[in-house]
Amino acid sequence: MWSRILRAGAAVAALSLALTACGGGGGSSSSANLADKAKNDKKLTIGIKFDQPGLGLKQPNGTYAGFDVDVAKYIAKQLGVDESGITWKEAQSAQREDLIKKGEVDFIVATYSITDKRKNEVSFGGPYFIAHQDLLVRSDDTSITGPESLTGNKKLCSVKGSTPAQNVKDKYAKEVQLLERATYSQCITSLLNGEVDAVTTDDIILAGYALQQPDKLKVVGKGFSDENYGVGLKKDDTQGRTAINDAIQKMEQDGTWAASLKTNLGQAKYSLPTTPPAIAP
Ligand code: GLU
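Calculation notes
- Residues numbered from 1 in each chain as written.
- Predicted model: local features only at pLDDT ≥ 70, side-chain atom pairs only at ≥ 80, totals over all residues.
- Heavy atoms only, no water.
- Helix = DSSP H or I, 4+ residues; strand = E, 2+ residues; numbered from the N terminus.
- Buried < 20%, exposed > 50% of the residue type's maximum accessible area, 1.4 Å probe, protein only.
- Contact = heavy atoms within 4.5 Å.
- Areas by Shrake-Rupley, 256 points an atom, 1.4 Å probe, with all protein chains shown as cover.
- Pairing = 2+ DSSP bridges.
- Axes fitted to C-alpha atoms, helices over the stretch in contact; angles between N-to-C directions.
- Near = heavy atom within 4 Å.
- Nonpolar A, V, L, I, M, F, W, Y, C, P; charged D, E, K, R; others polar.
- Salt bridge = Lys/Arg side-chain N within 4 Å of Asp/Glu carboxyl O.
- Core = buried A, V, L, I, M, F, W, Y, C linked by side-chain atoms within 4.5 Å.

Q: Any chance you could break down the overall build of the chain for me, citing the residues and the numbers?
A: The number of helices and strands found in the chain is 10 helices and 13 strands. Counting the 281 residues in the chain, one finds 48% classified as buried. Here the analysis covers contacts within the chain between residues at least 6 apart in sequence; of these, 70% occur between residues at least 24 apart. Summed over its atoms, the accessible surface of the chain is roughly 13,700 Å², and 52% of this surface lies on carbon and sulfur atoms.

Q: Explain the sheet that holds strand β12 (residues 217-219) to me, using residue names and the numbers behind them.
A: As summarised here, the arrangement of the five strands in space is β10-β9-β11-β8-β12, forming an open sheet in which the pairing is mixed. Two strands lie at the open edges of the sheet, namely β10 (177-181) and β12, each paired on one side alone. For this sheet, the mean inter-axis angle between neighbouring strands, taken without regard to orientation, is 30°. The strands touched by helix α7 (residues 184-192) are β8 (133-138), β9 (155-159), β10, β11 (198-202) and β12; relative to β11, the strand with the most contacts, the crossing angle is about 150°. Running at roughly 130° to β11, helix α8 (residues 203-212) makes contact with β8, β11 and β12 of the sheet.

Q: Which residues make up the site of the ligand, and what are the values?
A: For the ligand, the set of nearby residues contains 17 residues, the closest of which are K49, S93, S113, Y184 and D202. Protein contact buries 100% of the 280 Å² of open area that the ligand shows by itself. Breaking the shell around the ligand down by element, the ones donating at least two residues are α6 (163-172), β11 and β13 (227-234). Tallied by class, residues from the shell around the ligand come to six nonpolar, six polar and five charged.

Q: For the pattern of salt bridges, give the residues involved together with the corresponding values.
A: Scanning the entire structure with this criterion turns up 10 salt bridges. Across the pair K37 and D41 runs a salt bridge whose closest N-O atoms are separated by 4.0 Å. On the criterion of helical spacing, the pair formed by K37 and D41 is a turn pair, its members being four residues apart in helix α2 (residues 34-41). The class of K37 is buried, set by a relative accessible area of 15%.

Q: If you had to explain the nonpolar core to someone new, which residues and values would you point to?
A: Across soluble globular proteins, nonpolar side chains have a tendency to be buried as a group. By size, the foremost hydrophobic cluster in this structure holds 55 residues, and its most contacted members are F107 and F129. Among the elements that take part in this core, helix α3 (residues 67-78) stands out by supplying seven residues, more than any other. Non-local contacts of F129, meaning those with residues more than four positions away in its chain, are made with F67, I204, E227, N228, Y229, W257, L261, Y270, P273 and P277. Grouped together as the second largest cluster of nonpolar side chains are 10 residues, L135, V137, L156 and A198 included.

Q: Any details on the sheet that holds strand β7 (residues 122-131)? Residues and values, ideally.
A: Strand order across the open sheet formed by five strands is β5-β1-β6-β13-β7, with mixed pairing between neighbours. Lying at the two open borders of the sheet, with one neighbouring strand each, are β5 (86-90) and β7. In terms of strand pairing, strand β1 (residues 44-48) meets β5 through five bridges, oriented parallel. Counted as the bridge partner of I46 is W88 from β5. On top of the sheet, helix α9 (residues 238-253) reaches β6 (107-108), β7 and β13; it is set at about 20° to β7, its chief contact.

Have a look at this one:
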């Protein structure tokens, strides 16, 4: 009797050992670091924006285009994953940390500013671009010339969970009526139909929208913050972060970085940088 129980116990112990070993070294384990997982699975789920022209845009034919999409594809390739192995997932601003923490995406390239607050929840590779918070207004508006002109009766739209919305709340909250949406394209609709007077987010994002409707929209052009775009991944995945940084560096050095900016945003009223920012240690 006892020997049977002992034997059963030993079998269970052996099985759980085997499972642990599997989990630790197996490719599809969610606990494996990003680089090993990509190498073994040849698949990645990547979070991007779906509605930001020039950066991350789902096109009518179902493909995805933009600078962030190119950065994501380049990193994937360096990790051993072809474009056909990528599943794209929409990563709205307020959902990004959660998507990473829950393992619903392997990493995120979505105009995602590196901040100390976010670093408590996720890790960041990069930065690979520096943008500046700005304002988008209707072309015929001459009353809004910078954040200081957002006085009492002006209505401003931004996106929940974004750094610009937080910045406005902290610095201009008493002066302006802030409307928060889930995506920037919803803010653009509100700006065009007169529901709000301005949209605030990063200049590069606003320039992409202005390019789509140059007769109706213009960027004010007074950047009032530095937004360091990073690639978000699981907190403390040091190996994954190093692999991402190596890929970004390669993309910058072989000319792909500058070429992608030119292809995706060269037509926008935006002075594109010629040199990339230094990658954080
Ligand atoms: N870069 C800012 C942020 O990460 C604004 C753009 C965005 O919401 O994606 O919050």
